[in-house]
Structure formats: structure tokens, C-alpha cells
Amino acid sequence: MNPNDLNNLIRWTTDTDGYQFAKEIYNREEPDEYTRDKFTDMQNRLINWIAELDNGNKERLAIAINNQAKRGGIEYENK
């Protein structure tokens, strides 16, 4: 991970809302009690929340972050 990746993670966590979060990370059309609890975890315990994601959810998180970065015009530089 480089500083650009970290900036994109922070940007995604602050820009996403509950609906986008439920859809992009947990593959649910609308937030429910489970995704609302996980959204709160993401906001309050980011590192722990990421560590607790299964591989599928981690992959969806990476895709969501990359998609937002592309929409925002941010280019990745892996050094």
C-alpha cells in the first residue's frame, strides 16, 4: 500500500453513504440492520472492520475504492 492508496481508502470511507456501502461491500440493494451495524463499525473501528471482512467483501471493498478513485480522476501510482 502506498500513500495514494491510503488517501483513496480514507476518501471512500468518508464519501460513502449507507446505501452505497450496503450495495458495494455487502452486495445488498438496501441497508438493513446488519449493514447499518457494519457501517457504524466502519466509521468507528475502520482497521478492525477491514480485518473482519471475508475475502469476498475485501475484494468488493478494493473494487469500490478503485472505482471511486477513477470517478474522481485519481490515478494510481504503485511504487
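Residues numbered from 1 in each chain as written. Predicted model: local features only at pLDDT ≥ 70, side-chain atom pairs only at ≥ 80, totals over all residues. Heavy atoms only, no water.

Quick look at the packing of aromatic side chains now. Evaluation of the coordinates by the stated rule reveals 5 aromatic pairs. Note on Trp 12 and Phe 21: the rings are 6.3 Å apart at their centroids and 35° apart in plane angle, and the pair reads as tilted. On the basis of relative accessible area, Trp 12 is assigned to the buried category, the value being 0%. Linked through ring pairs, Trp 12, Phe 21, Tyr 26, Tyr 34, Phe 39 and Trp 49 together constitute an aromatic cluster. (Phe/Tyr/Trp six-rings, centres within 6.5 Å; stacked < 30°, edge-to-face > 60°. Buried < 20%, exposed > 50% of the residue type's maximum accessible area, 1.4 Å probe, protein only.)

In this section: the layout of surface pockets. Roughly 200 Å³ of volume is contained in the largest pocket. Lining the largest pocket are 11 residues, with Met 1, Leu 9, Leu 61, Ala 62 and Ile 65 positioned closest to its centre. For the lining of the largest pocket, the element with the highest residue contribution is helix 5 (residues 55-71), accounting for 5 residues. Split by residue class, the lining of the largest pocket holds 7 nonpolar, 2 polar and 2 charged. (1 Å grid on protein atoms, 1.4 Å probe; cavity = no way out; pocket = protein on both sides within 12 Å on 5 of 7 lines; lining within 4 Å. Points joined across faces, edges and corners; volume = space filled by probe spheres on them. Helix = DSSP H or I, 4+ residues; strand = E, 2+ residues; numbered from the N terminus. Nonpolar A, V, L, I, M, F, W, Y, C, P; charged D, E, K, R; others polar.)

Before going further, it helps to examine the nonpolar core. Core analysis: the largest hydrophobic core is formed by 12 residues, namely Leu 9, Trp 12, Phe 21, Ile 25, Tyr 26, Phe 39, Met 42, Trp 49, Leu 53, Leu 61, Ala 64 and Ile 65. Those elements giving two or more residues to this core turn out to be helix 1 (3-15), helix 2 (18-26), helix 3 (33-44) and helix 5. Excluding its chain neighbours within four sequence positions, the residues that come into contact with Phe 39 are Thr 16, Asp 17, Gly 18 and Phe 21. (Core = buried A, V, L, I, M, F, W, Y, C linked by side-chain atoms within 4.5 Å. Contact = heavy atoms within 4.5 Å.)

As far as function goes, none of this settles anything; it's purely spatial.
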